[in-house]
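Here is how the chains run, residue by residue.
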Amino acid sequence: MTMSTEEASKLIFEALAHGVAGDRDNAIGKLNSVCEDADGPRMYGVCCALAGAGAHMLRRIYGDKAPKTPEEGMFVLQELQPGAMGDDPAKAFSVRFLTAWANGDTDTTDALFTAATRASGEQYIGSVCALFADVIGITRLALDQDKTA
């Protein structure tokens with residue numbers, strides 16, 4: 001039986017909370033519970049939920065001074081993660097997906113996710129895990145910044 005969207009959402013955010021707290025085993029366990037139960041559309045929803053949390057934290061970090069192009073007022077990939085386009089396809093997926101989501105570009109998030117699902121199983125899993133790890137890192141950065149403010 002497939003878990004409800006509410007259950008999945010709760011587990012995703014519990015996974016993030018465990019990750020931010022440094023409890024790697026519980027973080028991975030919660031995320032794995034959702035992923036094992038998920039089909040393609042549900043996994044896209046998982047990635048969108050993660051990116052939504054990451055975009056929220058980016059806005060907490062940058063406020064109205066977000067890295068953006070002067071013409072379009074958008075988050076810019078190179079400003080968020082210099083060198084993210086290197087030899088790590090999973091990392092590139094993560095930063096591209098998060099940047100597209102933060103910019104409200106769902107056509108790009110859909111295309112990136114579709115491409116990730118066509119990659120090898122290991123690369124696909126690595127892409128979702130990289131997104132999860134990046135959102136945890138961004139959340140930690142936002143919380144640290146709040147403590148010093």
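Bear in mind the structure is a predicted one, so any value in this text is a computation, not a measurement.

**Quick notes on the confidence of the model for the chain**
Right, on to step 1. Mean pLDDT for the chain: 86, with 83% of residues reaching 70 or above.
Right, on to step 2. Ranking the elements of the chain by mean pLDDT puts helix 4 (residues 77-80) last, at 54, and helix 6 (residues 106-118) first, at 94.

**Some words on the packing of helix 1 (residues 5-20) against helix 7 (residues 121-148)**
Right, on to step 1. Contact pair helix 1 / helix 7: the axes reach a minimum separation of 9 Å and the direction vectors enclose 60 degrees. The orientation of helix 1 relative to helix 7 falls into the category oblique. For the pair helix 1 and helix 7, the sense of crossing is right-handed. Between helix 1 and helix 7, the contacting residues are Ala15, Leu16, Gly19 and Val20 on the first element and Phe132, Val135, Ile136, Thr139, Arg140 and Leu143 on the second.
Right, on to step 2. Grouping the amino acids of the contact of helix 1 with helix 7 by side-chain chemistry returns seven nonpolar, two polar and one charged.

How each quantity is defined
Residues numbered from 1 in each chain as written. Predicted model: local features only at pLDDT ≥ 70, side-chain atom pairs only at ≥ 80, totals over all residues. Heavy atoms only, no water. pLDDT = per-residue confidence, 0-100. Helix = DSSP H or I, 4+ residues; strand = E, 2+ residues; numbered from the N terminus. Axes fitted to C-alpha atoms, helices over the stretch in contact; angles between N-to-C directions. Parallel < 35°, antiparallel > 145°, perpendicular 65-115°, else oblique. Left-handed = near helix turned anticlockwise from the far one by under 90°. Contact = heavy atoms within 4.5 Å. Nonpolar A, V, L, I, M, F, W, Y, C, P; charged D, E, K, R; others polar.

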